[in-house]
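Examination of the molecular architecture
Residues per chain, in single letters:
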Amino acid sequence: MLELLSPAGSPESLKMAVLYGADAVYLGCKDFSMRAAPENFTLDELAEAVAFAHSHGVKVYLTCNIIPTNGEAESFPAFIVQAEKAGIDAVIVADLGMLEAVKTHAPSLDVHISTQAGVMNFAAANAFHKLGAKRVILARETTLEEIAQIRAKTSPELELEAFVHGAMCVSFSGRCLLSQYLVNRDANRGECAQPCRWGYYLLEEKRLNQPFEIEENERGTFIMNAKDLCMIEHLSAMKDAGICSFKIEGRAKSAYYTAVITSAYRAALDALGRGEALPDWALREVLTVSHREYCTGFYLGSENAVQFYENSGYVREYDFIGVVNDYKGGVADITQRNYFKIDDEIEILAPREKPQKLVINSMHNEKNEPVEIANKATERLFVEVGDALHGVPLKPFSILRKKI
């Protein structure tokens, strides 16, 4: 069975991932995780997250993929015991000591080897399997041809996971020291400032006031700036190569991003399972989130450009304007997230459904006062939908967005 694995950087993102079609989610706690920017979860919140996910038949994988210090290595066993009690299904590690600690102190947990370990050959995959790993998350630098070779030379009991969508790193498997060197924020501890996205000039030591452009660009060069990965059109090839878990990057991204990309890949994998073509609407969905120019990474060979040299900006064509709390009598109870107004044409994306268009004709606030413009952060509003959706009720956590 193919698994869609979505990021959950916050409780809201977790709910979006679960409701929009993930088979499993991966998340981090406040410690031992490679993402410091997201909200992450306390141990109490972890138990709540697991309960919610499991109630919908969704698995939870806990990321503990830092390379620990001596102090962290000492405190990890007590932590993983508590995480096991919270009910997680697996733990993701990159360090051999942490792998051994999980097998010793939380033996019921499956162990997945992080992409941070840089596995891109069958020998490494087999070695981790012998040490007790159930799954290996392959290095992003691996081609589909190499993945097929790994699959052919490893035990069928060893699961192979790979990223299908999201941000790429200029360094091999994310092993970068640039952020720590420049701004004292350690990328290998989840604090990356993404200096690879900055513009650079070349300086000669005796001509410090004369910066030389490396590229013919007035902003400097973005030679280290990677494109975003998007493999939604190549899932069949990934499946044929031996991938069983399709992972979406983005624990630092918004809940809107999680919902939209999960929805698109859910539709794509479902179509693949039925032997059908990729739905056009699912392909369009990946363009409705903020993203850098897309590419297919290293999967299809080095001739496919991964770097984008023009700038480090994002392509952004839609605003996330609200989320549905409830729906009664043709009226959507929503929480506003961004500016919109009467007569705007918007799109509604409901869990596990394709998007629909709607023109807002009227709305009011909690005081039943008419509202012409929604411009107050997180205001609760009531949007009259009427028969615009042909009598189909709106599900809670449906998303409202507007083309910019």
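Read on for an overview of the structure. (Residues numbered from 1 in each chain as written. Predicted model: local features only at pLDDT ≥ 70, side-chain atom pairs only at ≥ 80, totals over all residues. Heavy atoms only, no water.)

1. Some remarks on the packing of aromatic side chains
The condition is simple: In this scheme Phe, Tyr and Trp rings, the latter by its six-membered ring, pair at centre separations within 6.5 Å, and the angle between planes marks the pair as stacked below 30 degrees, edge-to-face above 60, and tilted otherwise. The helix count covers DSSP runs of H or I at least four residues long, the strand count covers runs of E at least two residues long, and both are numbered beginning at the N terminus. Exposed residues in this analysis have more than 50% of their type's maximum accessible area, buried residues have under 20%, and partly exposed residues fall in between, with area computed by a 1.4 Å probe over protein chains only. The rule for a charge over a ring is simple: NZ of Lys or CZ of Arg within 6 Å of the ring centre, and within 35 degrees of the ring normal.
Overall, the coordinates contain four aromatic pairs when judged by the stated rule. Taking 4.9 Å as the distance between ring centres and 45° as the angle between the ring planes, the aromatic pair formed by Phe-32 and Phe-79 counts as tilted. Within this pair, whereas Phe-32 is found in the loop between strand 2 (24-27) and helix 2 (43-55), its partner Phe-79 is found in helix 3 (residues 70-86), the two being separated by 47 residues in sequence. When sorted by exposure, Phe-32 lands in the same class as Phe-79, which is buried. Between the aromatic rings of Phe-76 and Phe-79, the centroid separation amounts to 6.2 Å while the plane-to-plane angle is 35°, which identifies the pairing as tilted. Of the two residues, Phe-76 and Phe-79 both sit in helix 3, three residues apart, roughly one turn of that helix. There is no split in this pair, since Phe-76 and Phe-79 are both buried. Taking NZ or CZ as reference, Arg-140 lies 3.9 Å from the ring centre of Phe-163, over its face. We note Arg-401 situated over the ring of Tyr-318; from NZ or CZ to the ring centre the distance is 5.2 Å.

2. Observations regarding the side chain of Gln-336
Rule in force here: Any pair of residues with heavy atoms lying within 4.5 Å of one another is described as a contacting pair.
By secondary structure assignment, the location of Gln-336 is in strand 14 (residues 331-336). Classification of Gln-336 by relative accessible area gives buried; the value is 2%. Residue contacts for Gln-336: discarding those within four places in its chain leaves Ile-321, Gly-322, Ala-374, Asn-375, Lys-376, Ala-377, Thr-378, Glu-379 and Leu-381.

3. Considering the nonpolar core
Looking at soluble globular proteins, one finds that nonpolar side chains tend to be buried together. Using the following cut-off: By nonpolar core we mean a set of buried residues, namely Ala, Val, Leu, Ile, Met, Phe, Trp, Tyr and Cys, connected to one another through side-chain atoms within 4.5 Å.
One finds Val-25, Leu-27, Ile-113, Met-238 and Tyr-265 to be the most contacted residues of the largest nonpolar core, which totals 92 residues. In terms of residue count, the dominant contributor to this core is helix 9 (residues 255-274) (10 residues). Aside from chain neighbours lying at most four places away, what touches Ile-113 is Val-93, Leu-99, Val-119, Phe-128, Ala-133, Arg-135, Val-136 and Ile-137. Ile-342, Ile-348, Leu-358 and Met-363 belong to the second-largest nonpolar core, a separate cluster that totals 20 residues.

4. Concerning unusual backbone geometry
The phi angle at Arg-352 is positive, at roughly 60°, despite the residue not being glycine. Its place among the elements puts Arg-352 in the loop between strand 16 (345-349) and strand 17 (356-359). Here the phi dihedral of Thr-378 falls at roughly 55°; this positive angle occurs in a residue that is not glycine. Relative to the helices and strands, Thr-378 resides in the loop between strand 19 (373-374) and strand 20 (380-384).

5. Remarks on the state of the cysteines
Covalent bonding between the sulfur atoms of two cysteines defines a disulfide. Selection criterion: Cysteine sulfur atoms are paired as a disulfide whenever they fall within 2.5 Å.
In total, this model carries zero disulfides according to the counting rule given. Here Cys-29 is not cross-linked by a disulfide; its sulfur's nearest cysteine counterpart is in Cys-64, at 7.0 Å. What makes Cys-29 buried here is its relative accessible area of 2%.

6. Remarks on helix 1 (residues 11-19)
Those residues of helix 1 that sit buried are Ser-13, Leu-14, Met-16, Ala-17, Val-18 and Leu-19. Tucked into the core, helix 1 has its buried residues touching strand 1 (3-7), strand 2, helix 2, helix 9, strand 13 (318-328) and strand 21 (399-403). Backbone geometry just downstream of helix 1 places Gly-21 in the positive-phi region, at approximately 120°.

Just geometry here; none of it tells us what the structure is for.
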